[in-house]
Structure formats: C-alpha cells, structure tokens
Protein chains: 4
Amino acid sequence: MALHSQAQKDQACLIVHGPDRPGIVSSVAAVVTRNQGNIVSLDQYSSDPTGGDFFQRVVFSRPDLTVALPEIEADLGRTLEPLGLAWTLTDRSVPKRMAILVSTSDHCLLELLWRHRRGELPVTIPMVISNHTNTAEDVRSFGVPFFHVPSLDPDKSHAEAQILKLLEGNVDFVVLARYMQILSPEFLDRVGVPLINIHHSFLPAFIGAAPYRRAKERGVKLIGATSHYVTKDLDEGPIIEQDVARVTHAHTATDLQARGAYVERAVLSRAVEWHAEDRVIRHGNQTIVF
Amino acid sequence: MALHSQAQKDQACLIVHGPDRPGIVSSVAAVVTRNQGNIVSLDQYSSDPTGGDFFQRVVFSRPDLTVALPEIEADLGRTLEPLGLAWTLTDRSVPKRMAILVSTSDHCLLELLWRHRRGELPVTIPMVISNHTNTAEDVRSFGVPFFHVPSLDPDKSHAEAQILKLLEGNVDFVVLARYMQILSPEFLDRVGVPLINIHHSFLPAFIGAAPYRRAKERGVKLIGATSHYVTKDLDEGPIIEQDVARVTHAHTATDLQARGAYVERAVLSRAVEWHAEDRVIRHGNQTIVF
Amino acid sequence: MALHSQAQKDQACLIVHGPDRPGIVSSVAAVVTRNQGNIVSLDQYSSDPTGGDFFQRVVFSRPDLTVALPEIEADLGRTLEPLGLAWTLTDRSVPKRMAILVSTSDHCLLELLWRHRRGELPVTIPMVISNHTNTAEDVRSFGVPFFHVPSLDPDKSHAEAQILKLLEGNVDFVVLARYMQILSPEFLDRVGVPLINIHHSFLPAFIGAAPYRRAKERGVKLIGATSHYVTKDLDEGPIIEQDVARVTHAHTATDLQARGAYVERAVLSRAVEWHAEDRVIRHGNQTIVF
Amino acid sequence: MALHSQAQKDQACLIVHGPDRPGIVSSVAAVVTRNQGNIVSLDQYSSDPTGGDFFQRVVFSRPDLTVALPEIEADLGRTLEPLGLAWTLTDRSVPKRMAILVSTSDHCLLELLWRHRRGELPVTIPMVISNHTNTAEDVRSFGVPFFHVPSLDPDKSHAEAQILKLLEGNVDFVVLARYMQILSPEFLDRVGVPLINIHHSFLPAFIGAAPYRRAKERGVKLIGATSHYVTKDLDEGPIIEQDVARVTHAHTATDLQARGAYVERAVLSRAVEWHAEDRVIRHGNQTIVF
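Here the structure is a predicted model, which is why all the values come from computation and not from measurement.

Scoring rules and cut-offs
Residues numbered from 1 in each chain as written. Chains lettered and ligands numbered in written order. Predicted model: local features only at pLDDT ≥ 70, side-chain atom pairs only at ≥ 80, totals over all residues. Heavy atoms only, no water. Least-squares fit on C-alpha atoms with pLDDT ≥ 70 in both. Contact = heavy atoms within 4.5 Å. Buried area = accessible area lost by both parts, 1.4 Å probe. Salt bridge = Lys/Arg side-chain N within 4 Å of Asp/Glu carboxyl O. Polar contact = N/O pair within 3.5 Å; in protein donor to acceptor, adjacent residues only side chain to side chain. Helix = DSSP H or I, 4+ residues; strand = E, 2+ residues; numbered from the N terminus. Nonpolar A, V, L, I, M, F, W, Y, C, P; charged D, E, K, R; others polar. Phe/Tyr/Trp six-rings, centres within 6.5 Å; stacked < 30°, edge-to-face > 60°. Buried < 20%, exposed > 50% of the residue type's maximum accessible area, 1.4 Å probe, protein only. Lys NZ or Arg CZ within 6 Å of the ring centre and 35° of its normal. Core = buried A, V, L, I, M, F, W, Y, C linked by side-chain atoms within 4.5 Å. Pairing = 2+ DSSP bridges. Axes fitted to C-alpha atoms, helices over the stretch in contact; angles between N-to-C directions. Domains from an automatic or database assignment. Arc of directions from axis to C-beta.

A.B. asks: Sorry if this is basic, but what is going on with the relation of the copies chain B and chain A here?
C.D. replies: There are two copies of the chain, and a rotation about an axis plus a shift along that axis relates them. When chain B is fitted to chain A, the residual RMSD is 0.0 Å, and the transformation amounts to a turn of 180° plus an axial shift of 0.0 Å. In short, the pair behaves as if placed about a two-fold rotation axis. Relative to the rotation axis, the C-alpha of Ala205 of chain B is the closest in chain B, positioned 2.2 Å from it. Comparing contact sets, 100% of the residues at the interface of chain B also lie at the interface in chain A, consistent with an isologous, same-surface contact.

Below, the structure written as structure tokens:
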C-alpha cells in the first residue's frame, strides 16, 4: 500500500495463481524465506477454499536481488509447479514501459503525463501515439516522444501496421487514453501486450457510442467511467476500475461530458497505477485487484 | 430544504410547468403576493430559456390558507392559463396517503416504516399489501394495517383486482418496496395514482432479473440501485434517484445482494420523500428533482 | 471478505502481532499447515519491514477444530513466542456476546438489532441497557432482554455499579449506541471488555458536546460520524471507522442532526461488524482494520 | 447550472440580500420583466421566512444588455433599496480577473490553468505570483505571466508590498493555490479583493501546520481539504467547499499528502468556479452556495 515512489530497489513482486489447496501459503512463504527474502506485503484471495481458484501477490525485499533472481526462479519452479500453480516474478526496480494512444481529448493523457512526472506512476513512457496532432506540443513538453499516425484509410490496416511497428519490442502495455478508433481483431492478436481502455460510461450501461448523450436521454442521476482490459468484444473486457459522479436534470449532455472527463481521468489513472504495480490479475472476464 | 417535520400548516406547494417565456416568474410571484402569501422556497428550471420547457416549484405560507385556497386557485387559473402554463396547488398540511406493496424482503419496507415513525416522511400509510405473510407482524407493530393478497393464479388478475379494490380511493401513491410481481398493463391503466419502484441495479445496467448475479458475472466494481416511476415498459420508467456502493472481487453474488440492500433502502427512501414533498416533476421519460 | 452469515463452523481466526522480522509469514503458515488447517483468508500489514511492527489476521478452516484447538495453541506458543510475537486464536463458531447501551435515540440501536436479526452481525445480544425506557418495547420485540438503569444520582456511581453487575461475565464487548452518559474512569477500569462508541462528528473536529450545532455555526459543507474505542480521554480513543454526508447552507442544525443519524448508524454498524469479526487491531491510539 | 463556457453575452447576474419580507421575489422579477429581461436561472434561500435573511441569485438575459445596464441599475435602486435590500449586478460577458499565488507545489496551480485553458473557468488569469521559480516554465507555457516575489526578509513586508503592487487594479480576486506564506493583517486590509485559500485538511480538524502528519498520528480513516475565504483569523474564514478521500492504516503521512493533493485540487477548483460565477454569498462566517 506504500506508494511506488518509495525505493523499490531489491524488491520483487510474485504473482501466484492456480487451484486452491492446503499449504500453498506455507510453500510460497518458505521459498521467500529460504532465499533470504523479507515479505513486505502479501495479499491473497481464494474464490473458494475448497476446490476454488487461488490468487496471491507477494512483494518481498532481498539484498542483491538481481543476482539472486535466477536461483529464486528455479526454486519457485521446483516448489510451485508440482502444486499446479502458475507464477510470475517481477523485479520492481524495472519500471514497466507504457505507450499511450490518444485522439483529440487531452484530459486522460495529461493526467497520466503529469502523475508520471510527479513520480506517482512506476512506469516509463517511451511514446505517445495519436491520430491527431493537437496534443503534440503538450506531450513533448513532458519530454515524451510523440508520433502522429493518421487514421485516414477506410480499413485502418495501414495505420495499425504503423502503430504495431512503433510498439513492437518497446512497450510492456498500452493505454488507450480516449483513443477513438476501434482496433481490429488482427491488431489485438499481434500487439502482444495488454491494452487498457477507458470507457466513458458505467459499463455495462451505455455500451457503444455516445454514452453521455444516451445517459441524458435516459435521465440517469449518476454518470460513470470504466477502465477495462481490451478484448475483441468491444466494451466487454475485464473491468479494472469504475467510478461515478452525481448529475441532475439541469446538466445538458455537454455538461455530462465535461463532468465525466474528471471521472474518466481518475478511473484510468487508478487502473494504470494498479496494472503497473502488478495489482491486477485477470481471471476469465473478471479481475482480482489487490 | 427545511425538513418536512417542521410545521407545514398554512403552507401551499405550487408546481408550474409549460413553455418558457419572459415574465413567468414575475406573474407567479405576483399571484402569491397579492394573495398575502410569503414565498418560503422557490426552485425553477428551464430546459432552454428560448423556446424550452419551464418548471417551477414554489412553497409559500399564507395565514388561513384553507379558507383562501379557492380564491388563490381562481387567480392562478386567470393568470397562468393564458400563458399556456399547467399548474397544481397542494395544501401541505394534508399528507399524501402512501400504500406499500412488498414481497418477502423487509429492508425497504422497514426503512420506510421507521422513517415515517421518526417523522421524516410527510405521508400517512393506510396499508401495506404483500403476497407473503412474513412481514405482517412487523408492519402491524408500527400500527399500520397489513393485507395479504397471494399471487397464486397464473394470470394474477384476481390478485390484481383485490389490490385495486384495496387501493381505490384510499391512496395517493404506491411504493413497490421490493414487490417481486410484475404488474399488468391493465393494472397500471386502472390504478390511477403514481407507482414508485426500486430496482436493484444501476439502471440501465442489468435491466430485468437477477441483477446481482449478473453484476458478479460481469465483474463490476460498483453496484447500484435505482428508484423510478413505473410505466408499462419494465425498468424503463423515469428515474427519480440512483446511488452506488463499492464492491470487490472478493464479494460473492450473495454479498452483493446483502450490500445492495443498504443502497436500495436509501435510494427508495429519498425518492419517496421527494415525491411526497412534490419535489419530483415528470418530463417525458425524465424527471426534474427540486 | 465473505459474509459472516456463511458457515463458520470449524474455522479459527488467528491474530499475530509483534516486531517485524523475516520469516514470520512462513512460520505462521507452517503452523496452520502442519495442523491440517487450510487458510481461508490472510491479511497482513507491516509498519516498516525493517524494524517496524507486524500485524496479521489469518482465518483457516480445520475439520474437528474444537478438538484440535489445544494442540494448535500449543504449537503457536512454541513457534511464535520465541519470535517475540503475541497472538490470539478465536473459534469462529462461537459468536461474540455484545451488550448495547443506549439513551433515547433509537437509530443506532434499531440498526444493530435489525442487522443482527438479518444474520449480518456475528454476535449474540444478551442485553440492551438504557437510562431511559422509550426503546424497551422495540428491543423486546427482537427477543432481546432490556434493562432500565436510570442515571439519576449526581455521581452516577450507583448506576455504573448496576451496569457492571449486569455485564460482568456476560459480554465480550459493549457498544455505546448513542449513550449520552460519560462513563467514569473507574467504570472503564473495571469493565474488562472493549467499548465501542459512536461520536456524532468527524473527529477530531467538534470534540465534545453539540457537534451538529457547532458544525452549523462553522458552516461546514460535510458532516460526519466516527466510531472509536472508548478510552479515558473523551473522544480521543482509537478510530475504527468514519464517514461523511454532504450538507448545504439550507440545512438547519436540526436537519444536520437528522441527516447525521444515517451516517452514525452506518458507521457504527461497520465498526461493530469488523470488531466482531476480529478485523480490528489496536495499535497505540490507532487501529489496523483488515 | 449550464456550464459557463456557453455564451454569456447579454446575460447579467443579480445578487440580492437583506431582511426577508413578503413580496421580494415579486419585486425583483418585476424589475427584470419590465426591463425586457428573461430569467435564465433563479436560486434563493431564506434563513427564516419570518424575520430571517433573504438571499437570491438571478441570471437573466436581455438583448443589448450593455446599453440597458444603467437603466436596469437605476430601476433596481428605486425598487430594492426602499425594501432594505442590498444588490449587485454583474455583466456576465466580462470574466473576472484571477491572480494565483503559489509556492512549490504545482497540483492546484496546474489544475486551475488547465481547466481555464479547457474553457471551464469563466475568468482571465493576468498573473501567477510565486515565492519560488520552479513553476515558472509551466505557467508561461499556458501563456500566463509569471512573477517571482521571494519571501526572504523575516517580516515579509517587502514581499507583500511587491505583491500588492502587482495586484493593484489588475485583479478581481486572488487564489492561494498552496501558497505557504501567512499573509499579514495589513496585507489583507489593503488587498481590496477576496482571497480564496485551500487548506489541506477537513476543517475545523487539524487547523494549522502539518495536517497530514497529524491526521496520520490521530489515525483518521478519511482525509479532507477545505477551500475558504481568507480572513485575519487563520483557517477560520467562511468555508466554500470541502471534500474527503478514504485512507487506511497502511498509508504513511507521505501517502496521505499524495492522495490529499487530488482532493485539494478538486475542492479548490470547485470553489474558484463557483466564486467566479457569483454563486457564493458570504453571510457572517458562513457561505450560501447556489
């Protein structure tokens, strides 16, 4: 729960998941202990202690972690694989590389850039890609490279190819910070890293286009925003975070959009921070958020 | 904004609506003034000052209101009807008569009964009607009559006829406090008073049955409740109030239902209070809430 | 996180705290595992992994728990005491016994009684004690004994002695559900069980009497409530839970009190539930809430 | 309620306050009507319809407003002054001029600059003044002049004199966006325009220095921020807006400060927007916010 901006040198994050059974916690903790690790934080969840799925996130510190990593990984393999458990071990001194895709709206983009500059997002930002140019100057003022990839051709395949080429090998995840182009299934097949989107409604309400206009027409008293992993089913991916704001009859659809922008940037920022800290585990079409 | 429990003797509530045009406020205020009224509170809303719809709620005090009412009504007719404005005038010393329909869940029912006993709902409760008997004792302990109308026959028409007979002439509005029977269009045609429902989701998400189970399956991070006027289109009536509560991956569908109950009773109570105080004006499929 | 109303037979709750050091998690988990326990949930917190304080709550299931308890306790003693760790082990099939002290306001009292009847508070309620009689009938309608102990004498010592006699040996904790008498230091010395209070302000704002009146005078835009353990320093005990509600200039002090009642009952209910589930650990004048 | 970014040409905002009495609404509305105005929105509040204080905010449109203003003002004087009512009339096509004073923290400053660029604050920003230089580049990138006025001398009178000289005649109000210098009573006497401050606690809790550290020590479960008008009594001025965020035992004082920054910028932005739109009326040490 301590903020990421604190020292993370010599810290590792271990994610374990698989079928629940007695003794997992003990086995995992024993691996950490016999490799001179000290557990800093530990969260776990079992969908059912009898026959359910088990999920655990352990952060531990260990002097000279980098040197010890191969041995710890070997030990984890020996210990956890016989129990049928999958695991990933991440060196927390290496920030994740995050690309941002954006169209014309700047509110989510600037919030991420500013939180990053403030030291509150444990990532590097190797690039911002946009199908417009209006945010270029702002992006570059944060010292972040900006690439313009127009989405002009009807089938978008040329633009998507350009984006893939920019991303390939350079990023660990992609954030769609109000990127108003629908990415093709082929793109999603090939991108090879998770994508996080922000949808401007409280999903599953108002799936699809123009949610604020439809919210106004329906006369809702709260508007919302939803951040989720992108899947081939539009607006149907696993939800990471949601929030809402109160509105009244006196707000026009334009007012809803303006108020909603503040919910969107907050929800997306939390989702990005949690993903970057390995707090989010996908489980079917749901997420575990530690 | 002052609580209803304060003296409302010699107070009237005037609702005005119609096409907006210059001079309405002045005309309404002049009627109140020349009839010795003193405006206690005034709220208004115009969907567009040029060519939009105008809505106003004026509470005014006037000594010997009851005696003066016919004359005030005549003045309102003379003044507002030439302007194309509809109006209703309510004597606030006469509480609205509210019937409650309920099935087995008691959380919304008891909350309404308890708030009423506490003096926080400006209504009388001439009856509670249920298709079950489990709440009878609780209801009667509040001094409120309880009627059991089973919903056994497949077409429900007999039960609905019984309910209509109980309600007829005796109530000003009906609250469906988790009444798990779908009322027929014929019932809605004949009941002649507004019905307020509580739906156990954040509409328009999870319209229909089993919203908590579907919320769990979708992996939402907030659950909600919605109070709305009942129309023939199920779950599509004008929304009065909504609210949400935060949930996590660790909550089961049963946990969502338990937490949701607290949102439901709060949302329904606010909707009922506002309706009873003439704060809610229907406008197409939306509401103005003053 | 699963609701208490689910079966807790053959479940134990282990609380561990003491100086943090490597290997604690491993040692605790090993005790559970070698005693045939299966960990159901585990939460932990360290104020600082290097030289800080460590707190852990482990719920585990174990067939025939009651029979095995003495052996598990012996193992815990052998394992944890050499590490300088304090621990308590609770059989979750035995609900805590909760007494409620109340004066005239019924909102917190009825909320607790109703949540208990609904199966949402894992406690028994052997008694309600009041210095007034207005709630007696309601309390008894829930099947709970009601005792009237008037607070008439100036020094209150007679009343306190009567209360102590009623509580002695019969309860595991006491809830002051808007009990408007200040308990003497002698009472607190002798009562021997934790007391949970609800204060009608967002502490440390408006410590002392008449917080709603003073909130109105200060013109705050939010009112709050605070549930805390009772210590000899009035309104200064460790805070368990707090919440707020929005108010405006239009609310009178009486309105604040009426709105505040809903915050109070929610905050106190959560604090009581968490205490009853051993989720709250006192740490100096603060609390860890798992 | 419509957003300020919509056209405000030919719109005026009238604020009326004074002793309540029958007929005020009628008189005010009549002035607007006979001067060809059309009421766009109207809010009012009476602390007590019998002998209390009356407050009203009326926005009205009127073609060729600028030309008609003198006549409308004369009419208001003739009509309202005999009733003992004070009033101010503002041409909404003229945005208020806002100066920002800031120290090193940029979160409130950048939020205001960005909201202004986005068209969501109906102000001009003729200057930002800081006792540090770290925000200069950011400020100027928004096209806003930046002035550095160091606070070096012990009595600060030289710095304050410089600030007064910069402000004099150039601004309509001043925002202290985390300006960490206490302004002298002499400065406040001479500045001649309202000052709005953001305090990093939920006042009146944690008045004075280091509120986040003290919040951590007290173990609160919510942290807050408060925006208020500045008076000679430090942290005691009329509150405009407050909000809170949930925290846990796991947050350090530094974490509270980081989370609190997001509450601060939101609370200050709302207070500034409402002040700029003449929605806030001071009433003794309280505010009416329409």
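The structure having been displayed, the exposition proceeds.
A.B. asks: Just checking my understanding: could you explain the interface of chain D and chain C for this structure?
C.D. replies: When the parts of a complex come together, some accessible area is lost, and that lost area is often taken as the interface size. At the interface, 32 residues of chain D touch 32 residues of chain C. Counting each side, the surface lost to burial between chain D and chain C is near 2700 Å², with a carbon and sulfur contribution of 54%. Looking at the side of chain D facing chain C, the largest losses of area belong to Arg218, Lys221 and His249 of chain D, adding up to 27% of the total buried there. We note a salt bridge from Glu241 of chain D to Arg246 of chain C, for which the minimum N-O separation is 3.0 Å. Here chain D is connected to chain C by 22 residue pairs in polar contact (both at pLDDT 80 or more). Residue assignment for the side of chain D that touches chain C shows that the elements contributing at least two residues are helix H7 (211–218), strand S11 (239–246) and strand S13 (286–289) of chain D. Here the residues of the side of chain D that touches chain C are counted per class, giving 15 nonpolar, seven polar and 10 charged.

A.B. asks: Just to check I follow, could you spell out the packing of aromatic side chains for this structure?
C.D. replies: Any two aromatic rings considered together are summarised by their centre-to-centre distance and by the angle between their planes. Taken as a whole and assessed by the stated rule, the structure comprises 10 aromatic pairs over all chains. When the centroid spacing of 6.2 Å and the interplanar angle of 15° are considered together, the rings of Tyr45 of chain C and Phe55 of chain C count as stacked. With Tyr45 of chain C in strand S2 (residues 38–46) and Phe55 of chain C in strand S3 (residues 53–61), this residue pair connects regions lying 10 residues apart in the sequence. The burial state of Tyr45 of chain C is the same as that of Phe55 of chain C; both residues are buried. An angle of 70° between the planes, with centres 4.6 Å apart, marks the rings of Phe202 of chain C and Phe202 of chain D as edge-to-face. Taken as a pair, Phe202 of chain C in the loop between strand S9 (195–199) and helix H7 (211–218) and Phe202 of chain D in the loop between strand S9 (195–199) and H7 lie in two separate chains rather than in one. Assessed through its relative accessible area of 3%, Phe202 of chain D is described here as buried. Over the aromatic face of Tyr262 of chain D sits the side chain of Arg118 of chain A, whose NZ or CZ is 5.9 Å from the ring centroid.

A.B. asks: When you look at the interface of chain B and chain A in this model, what are you seeing that I'm missing?
C.D. replies: Facing 32 residues of chain B, the contacting portion of chain A comprises 32 residues. On the chain B side of the contact with chain A, Arg218, Lys221 and His249 of chain B bury the most area, a combined 27% of that side's loss. Our enumeration of links across chain B and chain A arrives at six salt bridges. Glu236 of chain B serves as the salt-bridge partner of Arg218 of chain A, at 3.8 Å between the closest nitrogen and oxygen. Applying the counting rule to chain B against chain A returns 22 residue pairs in polar contact (both at pLDDT 80 or more). Those elements giving two or more residues to the side of chain B that touches chain A turn out to be helix H7 (211–218), strand S11 (239–246) and strand S13 (286–289) of chain B. Top contributing element to the side of chain B that touches chain A by residue count: S11 of chain B, with seven residues. By residue class, the composition of the side of chain B that touches chain A is 15 nonpolar, seven polar and 10 charged.

A.B. asks: Sorry, what's going on with the nonpolar core here?
C.D. replies: The tendency in soluble globular proteins is for nonpolar side chains to be buried as a group. By size, the foremost hydrophobic cluster in this structure holds 90 residues, and its most contacted members are Leu268 of chain C together with Ile100 and Leu268 of chain D. Counting residues in hydrophobic clusters, the runner-up holds 88 residues, among them Ile100, Ala225 and Val289 of chain A together with Ala245 of chain B.

A.B. asks: Any chance you could explain the environment of Val144 of chain A here in plain terms?
C.D. replies: Residue and element names in this part refer to chain A. On the secondary structure map, Val144 appears in the loop between helix H4 (136–141) and strand S7 (146–148). With a relative accessible area of 7%, Val144 lands in the buried category. Linking Val144 and Pro126, residues 18 residues apart in sequence, is a C-alpha distance of 6.6 Å.

A.B. asks: Where do I start with the sheet that holds strand S6 (residues 123–130) of chain B in this structure?
C.D. replies: Pairing between the strands of a sheet comes from backbone hydrogen bonds, and it takes one of two forms, parallel or antiparallel. Residue and element names in this part refer to chain B. Across the sheet, seven strands lie side by side as S7-S6-S5-S8-S9-S10-S11; this open sheet has mixed pairing. Whereas interior strands pair on both sides, the edge strands pair on one side only; in this sheet they are strand S7 (146–148) and S11. Averaged over all adjacent pairs, the angle separating strand axes in this sheet is 20°, with direction ignored. One ladder, built from six bridges, connects strand S5 (residues 96–102) with S6; its direction is parallel. By the bridge assignment for S6, Ile100 is matched with Val128. Relative to S6, helix H3 (residues 107–117) is tilted by about 155°, and along the sheet it contacts S5, S6, strand S8 (173–176) and strand S9 (195–199).

A.B. asks: Got a minute to help me understand unusual backbone geometry in this structure?
C.D. replies: In terms of backbone geometry, most residues other than glycine have negative phi values and most peptide bonds are trans. The omega torsion across Leu203 of chain B and Pro204 of chain B is 10°, close enough to zero to call that bond cis. Tracing the backbone through its elements, the reader meets Pro204 of chain B in the loop between S9 and H7. Notably, Gln36 of chain D is not glycine yet its phi reads approximately 65°, a positive angle. With respect to the helices, strands and loops of the structure, Gln36 of chain D is situated in the loop between helix H1 (24–34) and strand S2 (38–46). Despite not being glycine, Ala210 of chain D has its phi angle at roughly 55°, a positive value. With respect to the helices and strands, the residue Ala210 of chain D is situated in the loop between S9 and H7.

A.B. asks: Explain the pairing of strand S12 (residues 280–283) of chain C to me, please; I cannot follow it from the model alone.
C.D. replies: Two faces make up the sheet, and in a regular strand the side chains alternate between them. Residue and element names in this part refer to chain C. Two strands pair when backbone bridges link them, and S12 and strand S13 (residues 286–289) are joined in this way by four bridges, in the antiparallel orientation. Bridge pairing in S13 links His283 to Gln286. Taking the residues that link successive antiparallel strands as the turn, the S12-S13 hairpin has two residues, and the phi of Gly284 there is positive, at about 60°.

A.B. asks: Explain the domain arrangement of chain A here, please?
C.D. replies: Residues and elements named next belong to chain A. On domain assignment, one finds that chain A holds domain 1 (11–91) and domain 2 (96–289). Taking only C-alpha atoms, the centre of domain 1 and the centre of domain 2 are 31 Å apart. Roughly 690 Å² of surface becomes buried between domain 1 and domain 2 when both sides are summed, with 66% attributable to carbon and sulfur atoms. Area buried by domain 1 at its contact with domain 2 is led by Ile15, Phe55 and Arg57, which between them contribute 60% of it. The interface formed by domain 1 and domain 2 contains three residue pairs in polar contact (both at pLDDT 80 or more).

A.B. asks: Hey, could you run me through the sheet that holds strand S9 (residues 195–199) of chain A in this one?
C.D. replies: Residue and element names in this part refer to chain A. Within the open sheet, the seven strands sit side by side as S7-S6-S5-S8-S9-S10-S11. Their pairing is mixed. Every other strand in the sheet has two partners, leaving S7 and strand S11 (239–246) as the edge strands with one partner each. Averaged over all adjacent pairs, the angle separating strand axes in this sheet is 20°, with direction ignored. Taken together, the four bridges between strand S5 (residues 96–102) and strand S8 (residues 173–176) define a ladder with parallel strand orientation. Across the sheet, Ile100 pairs through a bridge with Val175, a residue of S8. This element, helix H5 (residues 157–167), spans S5, strand S6 (123–130), S7 and S8 of the sheet and lies at about 160° to S6.

A.B. asks: Just to check I follow, could you spell out the pairing of strand S3 (residues 53–61) of chain A for this structure?
C.D. replies: Residue and element names in this part refer to chain A. Of all nine residues in S3, seven are buried; the element is thus mostly enclosed. When strand S1 (residues 11–19) meets S3, the two strands line up antiparallel, connected through nine bridges. If you follow His17 over to S3, its bridge partner there is Phe55. Pairing of strand S2 (residues 38–46) with S3, which is carried by eight bridges, proceeds in the antiparallel orientation. Note on S3: the bridge partner recorded for Ile39 is Phe60. Adjacent in sequence and paired antiparallel, S2 and S3 are bridged by six residues, among which Gly51 carries a positive phi angle near 85°.

A.B. asks: How should I be thinking about H7 of chain D in this particular structure?
C.D. replies: It helps to recall that an α-helix has 3.6 residues per turn; residues three or four apart then point in one direction. Residue and element names in this part refer to chain D. Among all positions in H7, only Pro211, Tyr212, Ala215, Lys216 and Arg218 are buried. All buried residues of H7 lie within an arc of 165° about the axis, which places them on one face of the element. Phi turns positive, to about 75°, at Gly219, one or two residues after H7.

A.B. asks: Looking at this structure, how should I read the pattern of salt bridges?
C.D. replies: With the rule as written, the count across this model stands at 84 salt bridges over all chains. Taking the shortest distance from any N to any O, the salt bridge between Glu111 of chain D and Arg265 of chain A comes out at 2.5 Å. Residue Glu111 of chain D is located in helix H3 (residues 107–117), and its partner Arg265 of chain A is located in helix H8 (residues 253–276); the two belong to separate chains. We classify Glu111 of chain D as buried; its relative accessible area is 3%. Looking at Arg265 of chain A, the relative accessible area reads 7%, which means it is buried. Ionic pairing is found between Arg117 of chain C and Asp106 of chain B, a salt bridge with its closest N-O pair at 3.3 Å. With Arg117 of chain C in helix H3 (residues 107–117) and Asp106 of chain B in the loop between S5 and H3, the pair connects residues from two separate chains.

A.B. asks: I keep staring at the side chain of Ser26 of chain A and nothing clicks. Help me out?
C.D. replies: Turning to its location among the elements, Ser26 of chain A is positioned in helix H1 (residues 24–34). Ignoring anything within four residues of it in the chain, the contact list for Ser26 of chain A reads Ala29, Ala30 and Thr33 of chain C.

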